[in-house]
Amino acid sequence: MTTYDDIRTDTDGPILTITIDRPEAGNKFRHQTCLELFDALQRFRLDPELRAAILTGSGEKFFCIGGEHDPVTSLDQSQVLPIIDVYQAIDTIPKPVIAAVNGFAVGGGNVLHTVCDLTIASENAVFRQVGPMVGSFDAGYGSWYLEDTIGRKRAKEMWYLNKKYAAAQALEMGLVNEVVPFDALRERAAEVAREITTRSPLAVGAMKGAFSARHNGVSGQARMAHDQQLSLYLQSQEAHEMSEAFAERRAPKTERFWS
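What comes next concerns the included structure. Please read all numbers here as calculations on a predicted model, not as lab measurements. (Residues numbered from 1 in each chain as written. Predicted model: local features only at pLDDT ≥ 70, side-chain atom pairs only at ≥ 80, totals over all residues. Heavy atoms only, no water.)

The subject of this paragraph is the sheet that holds strand β8 (residues 126-128). The mixed open sheet is built from four strands, whose spatial order is β4-β6-β8-β9. Only two strands of the sheet have a single partner each, and these edge strands are β4 (62-64) and β9 (165-166). Pairing of strand β6 (residues 104-106) with β8 involves three bridges; the strand directions are parallel. Looking at β8, one finds that F104 is bridged to V126. Packed onto the sheet, helix α3 (residues 108-115) meets β4, β6 and β8 and runs at close to 95° relative to β6. (Pairing = 2+ DSSP bridges. Helix = DSSP H or I, 4+ residues; strand = E, 2+ residues; numbered from the N terminus. Contact = heavy atoms within 4.5 Å. Axes fitted to C-alpha atoms, helices over the stretch in contact; angles between N-to-C directions.)

Have a look at this one:
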């Protein structure tokens with residue numbers, strides 16, 4: 001297992017748990033955190049033994065309260081927080097990623113759990129968007145996906161009024177799937193993850209691609225066509241005939257495939 005500075009990773013059978021481990025900083029993500037999260041997610045994607053991931057925060061108070069932006073270095077494109085890469089990775093990996101929100105999910109932390117496939121929250125969880133209060137915004141995943149999750153009016157309310165929402169309110173709004181006692185959070189998230197691993201991986205991956213395709217433009221369409229459909233086509237008699245005919249420098253026998 002890879003060793004990181006800002007996150008921890010643990011495996012339990014087919015389930016990977018990724019923990020943002022900066023409780024002294026509210027589990028904020030900085031440049032290093034984003035790089036490590038992206039690396040862990042890519043390793044998760046490529047590991048055939050891992051079938052579901054849980055994303056959570058360290059400690060009893062914070063899931064993640066956003067990102068550490070430096071207004072000066074952020075003008076350098078090489079130093080822009082690569083958090084969009086993390087959001088995109090969660091959204092496009094054809095395996096489920098479940099957020100276990102153990103405390104405050106604020107700003108980018110609220111976006112982080114929103115882009116996950118499911119969210120299990122502890123009773124002490126608090127959700128908030130603060131961008132306009134602190135001179136920041138998220139005009140991509142943090143707006144479109146939030147609107148899909150809770151509706152346009154509620155999403156605008158979160159962004160314009162910057163109110164705090166307790167776990168029970170978040171459940172009523174549809175922002176989270178389930179609320180459990182803090183001590184039961186990790187185990188409940190693991191139970192949900194284990195249940196999903198008993199489902200068809202191809203079907204789950206296809207549905208995840210379908211849900212995200214609308215917002216991902218040509219990338220979303222390509223993932224549906226390439227990741228889900230091409231692999232099946234390559235195993236068909238038609239694909240084999242075309243490939244063999246090309247290798248043997250003969251005309252392919254396609255008549256039977258047109259009927």
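Let us keep going from here.
Further remarks concern the pairing of strand β2 (residues 15-20). Counting buried positions along β2 gives six out of six residues, so the element sits mostly inside the fold. By the bridge criterion, six bridges tie strand β1 (residues 7-12) to β2 in an arrangement that is antiparallel. Residue pairing for β2: T9 is matched across the bridge by I18. Where β2 meets strand β3 (residues 52-57), six bridges bridge the pair, whose relative direction is parallel. The residue bridging L16 from the neighbouring strand is A53, located in β3. What joins β2 to β3 is helix α1 (residues 31-46), and the crossover it makes is right-handed. (Buried < 20%, exposed > 50% of the residue type's maximum accessible area, 1.4 Å probe, protein only. Right-handed = clockwise from strand over helix to strand, strands pointing away.)

Counting residues in hydrophobic clusters, the biggest one holds 47 residues, and the most contacted among them are L55, I90 and F127. Here L55 is in contact with I18, L37, F63, I90, V97, I98, A99, A100, L112 and C116, once residues within four sequence places are set aside. Grouped together as the second largest cluster of nonpolar side chains are 13 residues, A52, V180, A189 and V192 included. (Core = buried A, V, L, I, M, F, W, Y, C linked by side-chain atoms within 4.5 Å.)

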